[in-house]
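Topology and contacts: notes
Each chain is listed here by its residues.
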Amino acid sequence: MGSTASPPILPLSAGQPAASSAAGAASTAPISTPAFRRFISRLSDSIRRSLANRRPWSELIDRSAFSRPDSVSEAASRVRKNLAYFRVNYLALLATVLALSLLSHPFSLLVLLSLLAAWCFLYLFRPADPPLVILGRTFSDRETLGALVLLTVLVIFLTSVGSLLISTLMAGAAIVAVHGAFRVPEDLFLDDQEPGGAGSGFLSFLGGAAASAGPAVGV
């Protein structure tokens, strides 16, 4: 008696679904790369333009230009004029003081970097699709924004990070105020194009951040 041969069993290919799912995961980036690149580009351009407008540091620390003000009104007038003339230098000085303070407190620096990363990856530069899903729960953009704002308030005001930032900024502001009060501004000449020039260029990246983050996030 001859047995009939069974048809050969074709192997099932499990690689194709896995490959397609891997491709789908790869196409869904956790951050919107074009928006992030535009933000970094605008930020670097704004900082570069602003630093190009800074005054020579030799003028800032010229010992022959320092004298004690005769009155409080004269000190206030000096501070206003020096702020208008040395504002980029003062901003760089404040940034340096803040950076040194954070470097001397690694925990606060790590907390701020983590908070910044959370804003970038979860809201500012996250693609609008797909929605944010954490532990099986889907969060809308408004819920994500509210959670990040609450987290920021808790981190800044209920930890040592807030006191460190406030004390550092107050110390930097005191340094600027003392320098501005004792620096005689008679030899300083403001350019006609100065009002709003360097300051707006230094802070214009905020508008660039909103513009670049707009296509990535729809609230």
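Residues numbered from 1 in each chain as written. Predicted model: local features only at pLDDT ≥ 70, side-chain atom pairs only at ≥ 80, totals over all residues. Heavy atoms only, no water.

Per an unreviewed UniProt entry, the protein chain is named PRA1 family protein, and its organism is Cocos nucifera. UniProt, in the comment section headed Function (unreviewed entry), describes the protein chain in these words: "May be involved in both secretory and endocytic intracellular trafficking in the endosomal/prevacuolar compartments." Per its UniProt entry, the protein chain bears the Sequence similarities (unreviewed entry) comment "Belongs to the PRA1 family." (UniProt positions renumbered as here; feature names shortened; annotations may be inferred.)

Some words on the overall build of the protein chain
Check the secondary structure of the protein chain and you find nine helices and two strands. Sorting the 219 residues of the protein chain into buried and exposed places 28% on the buried side. Considering only residue pairs separated by 6 or more positions, the protein chain has 84% of its internal contacts joining residues 24 or more positions apart. (Helix = DSSP H or I, 4+ residues; strand = E, 2+ residues; numbered from the N terminus. Buried < 20%, exposed > 50% of the residue type's maximum accessible area, 1.4 Å probe, protein only. Contact = heavy atoms within 4.5 Å.)

A closer look at the UniProt feature "transmembrane region" (unreviewed entry) in the protein chain
The UniProt record marks residues 84–103, 109–125, 145–178 and 198–218 with the feature "transmembrane region" (unreviewed entry), using the residue numbering of this structure. Across residues 109–125, the secondary structure splits into 94% helix and 0% strand, with the terminal C-alpha atoms separated by 22 Å. Between the C-alpha atoms that bound residues 145–178 the distance is 40 Å, and the span itself is 94% helix and 0% strand.

Topic: a nonpolar patch on the surface
Residues V149, L150, V153, L154, F157 and L158 make up a contiguous nonpolar surface patch of roughly 600 Å² in combined accessible area. By the secondary structure assignment, L150 is in helix α6 (residues 141–157). The exposure class of L150 is exposed, given its relative accessible area of 52%. (Patch = residues over 30% accessible without salt bridge, like charges linked within 9 Å, V, L, I, M, F, W, Y side chains within 5 Å. Areas by Shrake-Rupley, 256 points an atom, 1.4 Å probe, with all protein chains shown as cover. Salt bridge = Lys/Arg side-chain N within 4 Å of Asp/Glu carboxyl O.)

Some thoughts on the environment of R80
Tracing the chain through its elements places R80 in helix α4 (residues 72–103). By relative accessible area, which is 56% here, R80 ends up exposed. Between the alpha carbons of R80 and P185 there is a distance of 9.7 Å; along the sequence they are 105 residues apart.

Concerning the packing of aromatic side chains
Applying the stated criterion across every chain yields a total of two aromatic pairs. Three or more aromatic residues joined by ring pairs make a cluster, and in this case those are Y85, F86 and Y90. Here the basic side chain of R55 rests over the ring of Y85, its NZ or CZ set 4.0 Å away from the ring centre. (Phe/Tyr/Trp six-rings, centres within 6.5 Å; stacked < 30°, edge-to-face > 60°. Lys NZ or Arg CZ within 6 Å of the ring centre and 35° of its normal.)

Re the packing of helix α5 (residues 106–124) against helix α7 (residues 160–182)
The contact between α5 and α7 brings their axes to 10 Å, and the two run at 100 degrees. For the element pair α5 / α7, the angle class is roughly perpendicular. For the pair α5 and α7, the contacting residues are S108, V111 and L112 in the first and S160, V161, L164 and L165 in the second. Considered class by class, the residues forming the contact of α5 with α7 number five nonpolar, two polar and no charged. (Axes fitted to C-alpha atoms, helices over the stretch in contact; angles between N-to-C directions. Parallel < 35°, antiparallel > 145°, perpendicular 65-115°, else oblique. Nonpolar A, V, L, I, M, F, W, Y, C, P; charged D, E, K, R; others polar.)

With respect to the nonpolar core
Counting residues in each nonpolar core, the largest one holds 12 residues, listed as L102, V111, L112, L115, A118, W119, Y123, L148, V155, V161, L164 and L165. For this core, the secondary-structure elements that each account for two or more residues are α5, α6 and α7. Top element by residues in this core is α5. It accounts for six residues. Sequence-distant contacts of W119, that is, excluding residues within four places in its chain, are made with L124, L145, L148, V149 and T152. Judged by nonpolar contacts, the second largest core, of five residues, contains Y85, F86, Y90 and V176. (Core = buried A, V, L, I, M, F, W, Y, C linked by side-chain atoms within 4.5 Å.)

Points about the pattern of salt bridges
For the structure on display, the rule yields one salt bridge. Among the salt bridges present, the one from R78 reaches E74, with a minimum N-O distance of 2.9 Å. Linking R78 with E74, this pair stays in helix α4, spanning four residues, or about one helical turn.

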